[in-house]
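So you can see what is in the structure, the chains are spelled out below.
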Amino acid sequence: MQTLKTDTNVDLSEIKSTLKSEQRKILTKKIMKNKLMVAGGIIFILLCLLALFGPMLVKYDPHEMTVSDRLTAPSGDHLLGTDNFGRDLLSRIVYGSRATLGVGFSVAILSSLFGLIIGLYSSYYKTLDHILMRISDGLMAIPGVLLAIALMAALGPSTRNVIIALSIVFTPYIARVVRSVALSVREQTYIEAMRAQGASSFRIIWLHIMPNTISPLIVQATFIFSDAMITEAALSFLGVGVPAPDPSWGNILYDGKLVIFNAWWMTVFPGIMIILAVMSLNLFGDGLRDLIDPRVKSGKKIKGDKHAK
Amino acid sequence: MLSYIMKRILSAIPVLLVVSIVIFLIIHITPGNPASVILGEEATPEQIAELEESLGLNLPIHQQYFSWIAGVFQGDLGTSYFMKAPVTESIANSIVPTISLAIFAQIIALLIAIPIGVLAANKRGSFADSSMMVFALLGMSIPSFLLALLLVLLFGVQLGWLPVAGFRPLSEGLLIHLQYLILPAISLGAIQAALIARMTRSSILEVLNMNYIKSARAKGVKNFSLILKHAFRNALLPILTVVGQTFGTLITGAVVVETVFNIPGIGQLVINSIERRDFAVIQGVVLFITVLYIFLNLIIDILYGMIDPRVRLDRK
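Predicted model only: the values in this text are computed from it and were never measured.

Digging into the overall build of chain A
Each helix and strand in chain A was counted, giving 11 helices and 0 strands. When the helices and strands of chain A are read in sequence order from the N terminus, they spell out α-α-α-α-α-α-α-α-α-α-α. Viewed in the frame of its principal axes, chain A has a C-alpha envelope of about 85 × 45 × 35 Å. Every one of the 309 residues in chain A was classed for burial, and the buried ones make up 50%. Counted over contacts in chain A with a minimum sequence separation of 6, partners at least 24 positions apart contribute 70%.

Right, here's the structure in full:
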């Protein structure tokens with residue numbers, strides 16, 4: 001009896017591992033088939049690498065002003081030209097990618113975390129659900145950019161406050177997604193069985209409901225990442241985001257608007273960076289969603305994106 | 001039908017309540033004392049106390065809320081500290097350019113998006129289809145203020161065809177009004193156009209799979225009139241919903257685009273008020289636009305229920 005048992009165990013684990021590797025192969029094949037998603041992913045990884053390592057490679061300090069070099073066109077010395085204070089535009093864009101991608105990343109992480117907690121608990125406790133969902137309904141009813149502007153007006157301009165304000169704006173969208181998945185999971189028989197066996201709510205929520213909500217959450221988080229970058233750029237452009245003199249793509253554009261008649265490069269180059277970042281993330285997110293939920297092919301994005309523009 | 005309308009209206013009440021509380025609290029999350037933030041660093045303690053008294057900031061917080069909300073119900077959004085004028089007056093003065101811009105942007109979006117969506121659905125899977133959809137994706141990835149800057153650079157600075165900034169009221173003539181509004185409207189309408197084009201395409205494709213289309217096709221209805229007369233009409237409902245639901249988004253988008261073109265609308269009002277730390281105006285504008293937004297959606301919902309009876313049953 002004993003030997004038989006170990007035998008089956010060995011076989012099972014072998015079968016399991018071959019199955020797993022086969023599944024992985026199928027998944028890789030599926031991913032590689034979606035060329036747009038792969039392209040988006042690669043562009044985005046390159047942008048992240050630029051933000052991480054770019055500052056080590058650029059020649060100039062992004063704050064260093066050389067008045068004699070004001071508004072010089074792109075040349076061998078200043079590859080992307082200089083701005084209205086004589087600062088090197090390439091350096092500012094590279095350092096600015098840290099601000100913009102950093103805000104996007106932090107907001108995606110923070111709103112995912114809070115959204116996950118809020119979504120899970122409100123799916124599990126009815127009374128809590130009523131309160132939390134009414135609050136998130138209210139927050140979502142206020143147009144996102146407007147709420148962010150009002151919060152920034154109250155908190156004062158700083159990168160940290162941009163992250164706080166945008167996390168407040170985007171958390172309800174994550175909470176909604178998590179809650180709707182969690183609500184259907186919690187009705188399943190295995191959850192009922194757990195409860196009958198006396199498992200604690202904490203265990204049920206975090207070990208048995210939470211894992212099911214992760215993949216839709218990740219898809220939504222990629223969209224929030226790109227929305228947060230757009231909104232950060234808009235806030236900085238309006239002068240209520242990342243405060244000068246620190247560079248972000250939004251406030252480079254703000255400076256660029258002042259000298260738009262003399263320096264096209266100050267508008268075009270940061271503009272291209274924003275478009276690249278947003279589009280690569282959107283492509284990646286679209287592909288990811290098709291992968292996870294093939295039913296919604298090429299539909300419109302989840303409501304979260306509407307407000308940010 | 002009546003009970004459906006009542007239900008929709010009742011469901012808006014808790015949302016409005018939460019919205020009002022959130023907007024009310026905005027002034028209270030300022031680090032430090034709101035009155036000293038408004039007055040700036042050089043204010044004396046007496047001035048701060050006086051302002052607190054006049055704004056009612058020395059009262060308990062729930063009393064402040066109730067007196068504010070009572071004012072709101074009477075159409076009083078407070079008084080601008082900087083301009084010494086009612087907030088409603090400032091909003092009324094700057095709402096016209098914003099609405100004008102939003103409507104014009106919506107028209108442009110529809111004119112671009114519907115033909116593109118219909119064509120893409122008709123030629124599904126072709127090169128034209130995929131290139132149009134890539135274009136739509138590009139449209140959705142460019143923030144409106146960035147598109148605005150790029151358009152200004154191209155048409156205003158390089159080509160010199162159109163004015164780069166400013167606003168002319170309708171009273172100076174339609175042509176000049178539109179001439180100043182066309183670039184802002186295109187930049188604002190582009191995202192909208194991308195959204196509507198995708199929606200048009202997918203909803204026509206959905207309709208094209210239905211049996212009545214197949215039978216019409218079998219009876220020999222020509223492709224062109226099949227799409228326009230049979231499919232498009234039934235695909236119109238979801239398109240109209242998108243249009244309705246995103247019109248509010250256009251108004252907020254206008255806030256940002258206005259800044260690029262120095263259009264004296266709601267957006268300028270908000271940005272100037274931030275510099276002046278004029279919280280009454282900020283709160284008033286956010287509340288006004290949000291309420292407008294909620295009511296627009298409510299009306300769309302009700303209209304939708306009238307047009308399509310299935311909706312009434314679905315949302316019980």
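Brief notes about the overall build of chain B
The number of helices and strands found in chain B is 13 helices and 0 strands. Beginning at the N terminus, the succession of helices and strands in chain B can be written as α-α-α-α-α-α-α-α-α-α-α-α-α. Considering chain B as a whole, with its 316 residues, one finds that 51% of them fall into the buried category. Contacts spanning at least 24 positions in sequence make up 72% of the contacts within chain B whose residues lie at least 6 apart. Surface exposure of chain B reaches about 15300 Å², of which carbon and sulfur atoms provide 66%. Side chains of chain B give 20 positive and 17 negative charges; the mean places of these two sets differ by 29 Å.

Observations regarding the interface of chain A and chain B
Accessible area lost when the parts come together is the quantity often used to give the size of an interface. In this complex, chain A contributes 46 residues to the contact, which on the side of chain B involves 51 residues. There are 0 salt bridges connecting chain A and chain B. Remark: the boundary between chain A and chain B carries 1 residue pair in polar contact (both at pLDDT 80 or more). Of all the secondary structure elements, the ones that give two or more residues to the side of chain A that touches chain B are helix H4 (126–141), helix H5 (144–155), helix H8 (201–238), helix H9 (249–258), helix H10 (265–292) and helix H11 (305–308) of chain A. The element that contributes the greatest number of residues to the side of chain A that touches chain B is H10 of chain A, accounting for 10 residues. Across the side of chain A that touches chain B, the residue classes break down as 30 nonpolar, 7 polar and 9 charged.

Description of the packing of aromatic side chains
All names here are of chain A. For the coordinates displayed, the defined rule picks out 14 aromatic pairs over all chains. A centroid spacing of 6.5 Å and a plane angle of 50° characterise the contact between Phe170 and Tyr173, whose relative ring orientation is tilted. With a gap of 3 residues between them, Phe170 and Tyr173 both fall in helix H6 (residues 159–186), about one helical turn apart. Assigned by exposure class, Phe170 and Tyr173 land together as buried.

A closer look at helix H10 (residues 223–261) of chain B
All names here are of chain B. Given a rise of 1.5 Å per residue, 39 residues ought to cover 57 Å, yet the end C-alpha atoms of H10 are separated by just 44 Å, more than 12% below that figure. The sharpest bend along H10 measures roughly 50° and falls at Phe232. Trailing H10 by a residue or two, Asn262 shows a phi angle of about 50°, which is positive.

Details of unusual backbone geometry
The backbone of Asn262 of chain B shows a phi angle near 50°, a positive value even though the residue is not glycine. Relative to the helices and strands, Asn262 of chain B is located in the loop between H10 and helix H11 (266–275).

Overview of the pattern of salt bridges
On inspection of all chains with the given rule, the structure shows 7 salt bridges over all chains. Between Asp129 of chain A and Arg179 of chain A there is a salt bridge whose closest N-O contact spans 2.7 Å. With a gap of 50 residues between them, Asp129 of chain A in helix H4 and Arg179 of chain A in helix H6 connect regions that are remote in the sequence. There is no split in this pair, since Asp129 of chain A and Arg179 of chain A are both buried. The residue Arg201 of chain B makes a salt bridge to Asp129 of chain B at a minimum N-O spacing of 2.9 Å. Placement of Arg201 of chain B in helix H8 (residues 174–208) and of Asp129 of chain B in helix H6 (residues 127–141) is noted, with a sequence separation of 72 residues between them. On the basis of relative accessibility, which here comes to 13%, the residue Arg201 of chain B falls in the buried class. Taken together, the salt bridges that share partners define one network made up of Arg134, Asp137 and Arg176 of chain A.

Comments concerning the packing of helix H7 (residues 189–196) of chain A against H8 of chain A
Residue and element names in this part refer to chain A. The contact between H7 and H8 brings their axes to 11 Å, and the two run at 170°. One way to sum up the angle between H7 and H8 is to call them roughly antiparallel. Packed against H7, whose contacting residues are Tyr190, Ile191, Met194 and Arg195, the element H8 presents Arg203, Ile204, His208, Ile209 and Asn212 at the interface. Tallied by class, the residues present in the contact of H7 with H8 amount to 5 nonpolar, 2 polar and 2 charged.

Structural notes on the side chain of Thr200 of chain B
All names here are of chain B. Examined against the element boundaries, Thr200 turns out to sit in helix H8. On the basis of relative accessibility, which here comes to 0%, the residue Thr200 falls in the buried class. A polar contact of 2.6 Å, which involves the side chain of Thr200, links it to the backbone oxygen of Ile196. Ignoring sequence-local partners within four residues, the contact set of Thr200 consists of Ile114, Gly117, Val118 and Ile239.

Calculation notes
Residues numbered from 1 in each chain as written. Chains lettered and ligands numbered in written order. Predicted model: local features only at pLDDT ≥ 70, side-chain atom pairs only at ≥ 80, totals over all residues. Heavy atoms only, no water. Helix = DSSP H or I, 4+ residues; strand = E, 2+ residues; numbered from the N terminus. Buried < 20%, exposed > 50% of the residue type's maximum accessible area, 1.4 Å probe, protein only. Contact = heavy atoms within 4.5 Å. Areas by Shrake-Rupley, 256 points an atom, 1.4 Å probe, with all protein chains shown as cover. Lys, Arg positive; Asp, Glu negative; His and termini not counted. Charge placed at Lys NZ, Arg CZ, Asp CG, Glu CD. Salt bridge = Lys/Arg side-chain N within 4 Å of Asp/Glu carboxyl O. Polar contact = N/O pair within 3.5 Å; in protein donor to acceptor, adjacent residues only side chain to side chain. Nonpolar A, V, L, I, M, F, W, Y, C, P; charged D, E, K, R; others polar. Phe/Tyr/Trp six-rings, centres within 6.5 Å; stacked < 30°, edge-to-face > 60°. Expected span 1.5 Å × (residues − 1). Bend = angle between axes of the 7 residues up to and from the residue. Axes fitted to C-alpha atoms, helices over the stretch in contact; angles between N-to-C directions. Parallel < 35°, antiparallel > 145°, perpendicular 65-115°, else oblique.

In short, the description is geometric, and any link to function would need to be established separately.
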